[in-house]
Amino acid sequence: MADNALTVPLRSPLSPVTDRLAAATRTSGGAIRLAELPFLSQVNVRLDAKGAAFEAVGLALDLQLPLQPNTVVRTGELTALWLGPDEWLLIGPPGGEDELESRIREAAGDEPVSVTDVSAQRTTLLVTGPRARDLLAHGCPLDLHPRSFGSGRCAQTTLGRTQVVLVARDEPRAGFWVLVRSSFAGYLADWLLDAATEYV
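Residues numbered from 1 in each chain as written. Predicted model: local features only at pLDDT ≥ 70, side-chain atom pairs only at ≥ 80, totals over all residues. Heavy atoms only, no water.

*Asks:* Before we move on, could you go through the overall build of the protein and cite the residues and values that matter?
*Replies:* Per the secondary structure count, the protein includes 5 helices and 10 strands. Rg of the C-alpha trace for the protein: 18 Å, near the compact-globule value of 16 Å for 200 residues, within the 12% margin. When each of the 200 residues of the protein is scored for burial, the buried share is 46%. Residue pairs in contact within the protein that sit at least 24 positions apart in sequence constitute 60% of those at least 6 positions apart. Surface summary for the protein: the accessible area is close to 10,600 Å², and the carbon and sulfur share equals 51%. Taking the average place of the 18 positive charges on the side chains of the protein and the average place of its 24 negative ones, the gap between the two points comes to 9 Å. (Helix = DSSP H or I, 4+ residues; strand = E, 2+ residues; numbered from the N terminus. Rg over C-alpha atoms; globule rule 2.2 N^0.38 Å. Buried < 20%, exposed > 50% of the residue type's maximum accessible area, 1.4 Å probe, protein only. Contact = heavy atoms within 4.5 Å. Areas by Shrake-Rupley, 256 points an atom, 1.4 Å probe, with all protein chains shown as cover. Lys, Arg positive; Asp, Glu negative; His and termini not counted. Charge placed at Lys NZ, Arg CZ, Asp CG, Glu CD.)

*Asks:* Which residues make up the packing of helix 2 (residues 52-61) against helix 3 (residues 97-108), and what are the values?
*Replies:* Orientation of helix 2 relative to helix 3, taken along the N-to-C sense of each, is 140°, at an axis distance of 8 Å. Looking at the two axes, helix 2 sits oblique to helix 3. Between helix 2 and helix 3 lies a crossing whose hand is right-handed. On helix 3, the residues touching A53, A56, V57, A60 and L61 of helix 2 are L100, R103, I104, A107 and A108. Across the contact of helix 2 with helix 3, the residue classes tally to 9 nonpolar, no polar and 1 charged. (Axes fitted to C-alpha atoms, helices over the stretch in contact; angles between N-to-C directions. Parallel < 35°, antiparallel > 145°, perpendicular 65-115°, else oblique. Left-handed = near helix turned anticlockwise from the far one by under 90°. Nonpolar A, V, L, I, M, F, W, Y, C, P; charged D, E, K, R; others polar.)

*Asks:* Outline the environment of V115, listing residues and values.
*Replies:* Of note, V115 is situated in strand 6 (residues 114-117). Residues V115 and L89, 26 residues apart in the sequence, show an inter-C-alpha distance of 9.8 Å. The residues contacting V115, other than those within four sequence positions of it, are V43, N44, E101, I104 and R105.

*Asks:* Explain the pairing of strand 4 (residues 78-84) to me, using residue names and the numbers behind them.
*Replies:* Of all 7 residues in strand 4, 7 are buried; the element is thus mostly enclosed. Across 4 bridges, strand 3 (residues 72-75) lies against strand 4 in antiparallel orientation. Of the residues in strand 4, the one forming a bridge with R74 is T79. Hairpin connection between strand 3 and strand 4: a loop of 2 residues separates the two successive antiparallel strands, and G76 in this loop has a positive phi of roughly 60°. In this structure, strand 4 lies alongside strand 5 (residues 87-92), joined through 5 bridges in antiparallel fashion. Directly across from G84, in strand 5, lies its bridge partner E87. (Pairing = 2+ DSSP bridges.)

*Asks:* Quick rundown of the sheet that holds strand 1 (residues 33-37)? Include the residues and the values.
*Replies:* Pairing is antiparallel across the open sheet formed by 5 strands, whose spatial order is 1-7-10-9-8. Two strands in the sheet have a free side with no partner beyond their single neighbour: strand 1 and strand 8 (153-159). With direction set aside, neighbouring strand axes in the sheet form an average angle of 25°. For strand 1 and strand 7 (residues 122-128), the ladder comprises 5 bridges, and the chain directions are antiparallel. What sits directly across from A35, in strand 7, is L126. Here helix 1 (residues 18-27) sits on the sheet in contact with strand 1 and strand 7, set at roughly 155° to strand 1. Those strands touched by helix 5 (residues 182-196) are strand 1, strand 7, strand 8, strand 9 (162-168) and strand 10 (176-181), and its axis lies near 135° from that of strand 10.

Structure, rendered in structure tokens:
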């Protein structure tokens, strides 16, 4: 029997504003850069940080899950965000969520662990440039000064009245990731574009 299913190409939540993000980047004269990083693998993990599965999962991922609140650990293409005492978000390249999930489950064995693929729940905005902190400070209640929110930090917070996970990237001049629910991504992009007019 022939397969009559339609193949629909993936469409990111911010594909309608890709050109506007690029235009804001150009007109800022290098002060800011806005772009979407679509389809990143995102896997939420919950387990006991003092249990046997904790070390086993870290070994299986070749990445030690961070134990210090609101910190980020990165190894290669995999990034782990501390979201709570027993909760982490793993972020990797597009298409890697199934492999991540199976590696974690296999490493945990019979130990209690919750592993949830949340890749389709959020998209990621990249905000970089010398004025990135200033732009985000327009609508974020956190103190974003590097002394308080420097490289390798993350937080669940709000930006422009939208719940986000904000990540200060650890590479030089890498800026920030803003993880936002797909249903609010368009609104947040409009908010950022409006706030970015100050740098045009």
